[in-house]
Amino acid sequence: MELKNNTSFKICTAIIEETVDNSLKFVKNVNNKVYSKNVPDMYEFRLDYLDKSELDIKNIEKILKNESNKIITVRWEWEGGKWNNEKESIVSILDILKRAIELNVEYIDIEYNNLENVKEEIKQYRDSLNSTTKIIVSYHDFNKTDDFSVLKKEIIDKEFVHADIAKIATSVCQNIDNCTILKACSEYESKIIAIGMGELGKITRVYGTQFGSMFTFCTVSKEKASAPGQIHIDDLIEIWNKLYLE
Ligand SMILES: O=C1C[C@@](O)(C(=O)O)C[C@@H](O)[C@@H]1O
């Protein structure tokens, strides 16, 4: 996202539609500025939102082959997503992510709390194909933000065993939590996506990219936020332009 003074920060919008066609229609509408004056730099396709009737690899390929700059995420229920064992029995996450890797999708996102062998298999598959896909390893805490020393030692440094990019999204319960998130942005500059969730965490969604977070997540429609505290893209661009212009 190029701001008026040529400062550039990246914005991602999550697509949380229940069908492949609606997901692609939503992206087209966003690119045509139907919902917002500004267009994000990239899209996160949250395939965990897809209805069971949509779960066919050929159908999902229509998203994997979409020309937008994208992250493919299939978020398990135990990590705050919509994926469950019933959906997994229809088509496995591994098959979806391996197909994404084969198609050199820009990013795939896997949970830190996933099984080690699953993370290892995905990384080895990507490396074996010399795929250009980058691996994001995500950690979410919807209740708190641990101290930086705990997040660093127990989560972020361990994410890098399989990750090209580490991600933490934790709930901000007190202002010091924002300092923790921004410290993570700064300490792992350009190799991390760090977000403070909830109303109190909005400051990290405004300043995080300036401190070093690779990008931030915005919504393009008030009704379509994929996490608590996401700011509308037009509001964020207005804030950024005021911050970096006046
Ligand atoms: O992990 C993240 C970050 C996020 O939870 C947020 O807080 O904006 C939104 C999710 O869609 C994404 O996968």
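For the protein chain, the name recorded in an unreviewed UniProt entry is 3-dehydroquinate dehydratase, with Methanococcus voltae as its organism. UniProt annotates the protein chain under Catalytic activity (unreviewed entry) with the comment "3-dehydroquinate = 3-dehydroshikimate + H2O".

### Remarks on the overall build of the protein chain
The number of helices and strands found in the protein chain is nine helices and nine strands. For 246 residues, the compact-globule formula gives about 18 Å, and the C-alpha radius of gyration of the protein chain, at 17 Å, lands near that figure. Each principal axis of the C-alpha distribution contributes one length, and for the protein chain these read about 50 × 45 × 30 Å. The 246 residues of the protein chain split such that 56% are buried. Taking the intrachain contacts of the protein chain between residues at least 6 apart in sequence as the baseline, contacts between residues at least 24 apart amount to 72%. Carbon and sulfur atoms provide 48% of the accessible area of the protein chain, an area that totals close to 11,000 Å².

### Observations regarding the nonpolar core
Counting 59 residues, the largest nonpolar core has Leu47, Ile72, Ile122, Ile168 and Trp240 as its most contacted members. Considering every element that reaches this core, the biggest residue donor is helix H4 (residues 93-102), with six residues. Contacts of Ile168, omitting those with residues within four sequence positions, involve Tyr139, Leu151, Ile155, Ile156, Glu159, Ile181, Ala184, Ile193, Ala194 and Ile195.

### Regarding the environment of Lys152
Relative to the helices and strands, Lys152 is located in helix H6 (residues 148-159). Its relative accessible area of 27% is what places Lys152 among the partly exposed residues. Spatially, the C-alpha atoms of Lys152 and Ala184 are 7.9 Å apart, while their sequence positions differ by 32 residues. Those residues in contact with Lys152 that sit more than four places away from it in its chain are Asp157, Glu187 and Tyr188.

### Describing the state of the cysteines
Simply put, the disulfide is a covalent bond whose two ends are the sulfur atoms of two cysteines. Per the stated rule, a full pass over the model turns up zero disulfides. Cys173 carries a free sulfur, and the closest cysteine sulfur to it, the one in Cys179, is 14 Å from it. Residue Cys173 is classed as partly exposed on the basis of its relative accessible area of 47%.

### Side note on the pattern of salt bridges
By the definition in use, this model includes 25 salt bridges. Close ionic contact of Glu121 with Lys98 constitutes a salt bridge, the shortest N to O distance being 2.6 Å. Taken together, the residues span a long stretch of sequence, with Glu121 in helix H5 (residues 116-129) and Lys98 in helix H4 at a distance of 23 residues. With a shortest N-O distance of 4.0 Å, Glu187 and Lys183 are connected by a salt bridge. Here the residue Glu187 and the residue Lys183 both occupy positions in helix H7 (residues 175-187), the gap between them amounting to four residues, near one helical turn. On the basis of relative accessibility, which here comes to 40%, the residue Glu187 falls in the partly exposed class. On the basis of relative accessible area, Lys183 is assigned to the partly exposed category, the value being 42%. Each of the salt bridges in this network shares a partner with another, and the network as a whole consists of Lys58, Glu61, Lys65, Arg99 and Glu102.

### Let's talk about helix H8 (residues 202-211)
Because the α-helix completes a turn every 3.6 residues, residues three or four places apart line up on one side. Residues of H8 that are buried include every one of Thr204, Arg205, Val206, Gly208 and Thr209, and no others. One or two residues past the end of H8 sits Gly212, with phi positive at roughly 130°.

### Description of the site of the ligand
Every one of the 13 residues lining the ligand counts as a neighbour, but Glu44, His140, Lys167, Arg205 and Ser226 are closest to it. Arg46 places a polar side-chain atom, nitrogen or oxygen, 3.1 Å from an oxygen atom of the ligand. Within the side chain of His140, an N or O atom sits 2.6 Å from an oxygen atom of the ligand. Taken together, the residues that form the shell around the ligand break down as five nonpolar, three polar and five charged.

### A closer look at the pairing of strand S8 (residues 216-219)
Residues Thr216 and Cys218 of S8 are buried on one face, and the alternating residues Phe217 and Thr219, pointing to the opposite face, are buried as well. Summarising the sheet, strand S1 (residues 11-15) and S8 pair through three bridges and their orientation is parallel. Paired with Thr13 across the two strands is Cys218, which belongs to S8. Bridge count between S8 and strand S9 (residues 231-232): two bridges; the pairing is parallel. Bridging across to S9, Cys218 finds its partner in Ile231.

Procedures and definitions
Residues numbered from 1 in each chain as written. Predicted model: local features only at pLDDT ≥ 70, side-chain atom pairs only at ≥ 80, totals over all residues. Heavy atoms only, no water. UniProt positions renumbered as here; feature names shortened; annotations may be inferred. Helix = DSSP H or I, 4+ residues; strand = E, 2+ residues; numbered from the N terminus. Rg over C-alpha atoms; globule rule 2.2 N^0.38 Å. Buried < 20%, exposed > 50% of the residue type's maximum accessible area, 1.4 Å probe, protein only. Contact = heavy atoms within 4.5 Å. Areas by Shrake-Rupley, 256 points an atom, 1.4 Å probe, with all protein chains shown as cover. Core = buried A, V, L, I, M, F, W, Y, C linked by side-chain atoms within 4.5 Å. Disulfide = S-S within 2.5 Å. Salt bridge = Lys/Arg side-chain N within 4 Å of Asp/Glu carboxyl O. Near = heavy atom within 4 Å. Polar contact = N/O pair within 3.5 Å; in protein donor to acceptor, adjacent residues only side chain to side chain. Nonpolar A, V, L, I, M, F, W, Y, C, P; charged D, E, K, R; others polar. Pairing = 2+ DSSP bridges.

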